[in-house]
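Reading the structure
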Amino acid sequence: MLEGVRAKVKPLDELVTIVGELKRQGKRIVFTNGCFDLLHAGHAAYLAQAKSLGDILIVGLNSDSSVRALKGSERPLVPQDDRALLLASLAFVDFVVLFDDLTPHRLIEAIKPDIHVKGGDYTEADLPEASLVRSYGGQVVILPKVEGRSTTELVQRIRKGVAAVPVRSAVGIIPARYASVRFPGKVLALLWGKPIVQHVYERSKQAKTLSDVIVATDDERVKAVVESFGGKCVLTSPEHPSGTDRVAEVARQLDCDVVVNIQGDEPLISPEAIDAAVQPFFSDPTLKMTTLATPIADESEYLNPNVVKVVIDRDGFALYFSRSPLPFFRPKGKMGEVPQFSLPKDVPFRPLRHIGLYAYRREFLLQFAQWAPTDLERSEGLEQLRALEHGVRIKVVITPYRSVGVDTPEDLERLERSRCQES
């Protein structure tokens, strides 16, 4: 069996002949390259996705000398023959070819793959070989980064001595205050024959990552209703200034790794959205906090101060949250002294709308709840800015889910009518 694996590692001249025959058979050739100097599960997921784009997957593997030249002599390194054998042992890798160059130009020129694939650490503009691929009619595909699974992150954790501690359990907590200013008792208001809090609870229970769901309230009426439909509920102090403080009080009594703060007035909460917020904790032991965002639909959302905007860095961590239009798209020509906010039709990317669902490492949540409100937090009225002002990175997961909250009786009526219109 091992001989069959070794047979997948080919010198370039032999591989060129094989590729020529495969192309004559109508096979689509997918090519990717890299150091794969510390092979891990993220690589396997990436290569499996690359193979799905065509029929034959060829992996160009940097030799030991080129890895050293690219990444320095201090970088941990598995020897090239072992790396090649490990890659070839993967069922979705068809061939492996070693190369000494710093870039894959020579391999691409010889093989002329139909699709050249790179990971999410790159953009097409970053790839010097992209123009070569396009010159013969090939396609360049950038696959999304596998969160928490990059080699750079792995090396950083090794150097810091951070172990990949598994997440044993995640618990969803629904803060459900009775005394809403605009809509008193809204969590008990009936929607399609059920209290709003019951919709939230039952949909949250469908999330695959949660081991338990608990309602946190300051009112006996809410507790009685939750227990009447079989839900778990904990009474908390009526003095809490925010839902986060209420969630933290309950979390203090729990033995879990991750706590998810689920808004009690979103009856259509998506279980998949909850899972998306929790998932990064399974692969990144350094993560303290996550939240969600979705692309802004139109200019009215972009301009609306009730729609919170977020901008993120290239690794998906929040740079800032604001009620102002964010980012500002500089108009062509001279700018006036008074900014004119608009969403251009040719915008290069969609701004992001923040969704107020948060997941925390339990220990961090308890610390966060002890911090006093910060200047930016008070200015914008956005609690998550407290974390950013303390230097805490917030992972922002992009989701298609668009939150539908109930803030007023009118919101409830619109939601009630929406089902009638569908039926």
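Anything mentioned here points back to the structure above.
So, here is what we can say about the structure in this document. The structure displayed is predicted, hence computed values, not measured ones.

1. Focus: the pattern of salt bridges
The full count for this structure, using the stated rule, is 21 salt bridges. Where Arg83 meets Asp64, a salt bridge forms, and the shortest distance between an N and an O atom there is 2.7 Å. Taken together, the positions of Arg83 in helix α5 (residues 80–88) and Asp64 in helix α4 (residues 64–71) put the pair 19 residues apart, joining distant regions of the chain. Overall, Arg83 belongs to the buried group, its relative accessible area being 1%. We classify Asp64 as partly exposed; its relative accessible area is 24%.

2. Looking at helix α11 (residues 243–251)
Among the nine residues of α11, seven are classified as buried, and the element is accordingly described as predominantly covered. Every buried residue of α11 is listed here: Thr244, Asp245, Arg246, Val247, Ala248, Val250 and Ala251.

3. Regarding the environment of Val141
Mapped onto the fold, Val141 is located in strand β5 (residues 139–142). By relative accessible area, Val141 is classed as buried at 16%. A C-alpha to C-alpha distance of 8.9 Å links Val141 and Ala50, two positions 91 residues apart in sequence. Setting aside its immediate chain neighbours within four residues, Val141 contacts Leu53, Ile115, His116, Val117 and Lys118.

4. Some words on the nonpolar core
Counting residues in each nonpolar core, the largest one holds 41 residues, and the members touching the most others are Leu210, Val215, Val260, Ile262, Ile274 and Leu357. For this core, the elements supplying multiple residues, two or more each, are β6 (170–175), α9 (196–204), β9 (212–217), α10 (220–228), β11 (258–261), α12 (271–278), β15 (352–361) and α18 (409–422). With near-sequence residues (within four places) excluded, Ile262 lies in contact with Gly172, Ile173, Ile174, Pro175, Val200, Ser204, Leu210, Ile269, Ile274 and Leu357. Formed by 32 residues, the second largest nonpolar core is a distinct cluster that contains Val247, Ala293, Leu366 and Val396.

5. So, unusual backbone geometry
Backbone phi values are negative for most residues with the exception of glycine, while trans is the configuration of most peptide bonds. Residue Pro327 is reached from Leu326 by a cis peptide bond, and omega for that bond is -5°. Its identity is not glycine, yet Lys112 carries a phi of approximately 50°, on the positive side. Counting through the fold element by element, Lys112 comes out in the loop between α6 (105–111) and β4 (115–118). Judged by relative accessible area, Lys112 falls into the partly exposed class, the value being 33%.

6. Overview of the packing of aromatic side chains
Throughout the structure, instances matching the rule amount to eight aromatic pairs. Ring centres 6.0 Å apart and planes at 50° place the aromatic pair Tyr302 and Phe329 in the tilted group. Taken together, the residues span a long stretch of sequence, with Tyr302 in helix α14 (residues 299–303) and Phe329 in the loop between β14 (318–322) and β15 at a distance of 27 residues. Among the residues examined, Tyr302 registers a relative accessible area of 0% and is labelled buried. Each ring, one from Tyr360 and one from Phe364, has its centre 6.5 Å from the other, and the planes form 35°; the classification is tilted. For Phe364, a relative accessible area of 3% gives the class buried. One residue, Arg221, lies across the ring of Tyr178, its end atom 3.8 Å from the ring centre. Note that Arg393 overlies the ring of Phe317, its terminal NZ or CZ placed 3.7 Å from the centroid.

Thresholds applied
Residues numbered from 1 in each chain as written. Predicted model: local features only at pLDDT ≥ 70, side-chain atom pairs only at ≥ 80, totals over all residues. Heavy atoms only, no water. Salt bridge = Lys/Arg side-chain N within 4 Å of Asp/Glu carboxyl O. Helix = DSSP H or I, 4+ residues; strand = E, 2+ residues; numbered from the N terminus. Buried < 20%, exposed > 50% of the residue type's maximum accessible area, 1.4 Å probe, protein only. Contact = heavy atoms within 4.5 Å. Core = buried A, V, L, I, M, F, W, Y, C linked by side-chain atoms within 4.5 Å. Phe/Tyr/Trp six-rings, centres within 6.5 Å; stacked < 30°, edge-to-face > 60°. Lys NZ or Arg CZ within 6 Å of the ring centre and 35° of its normal.

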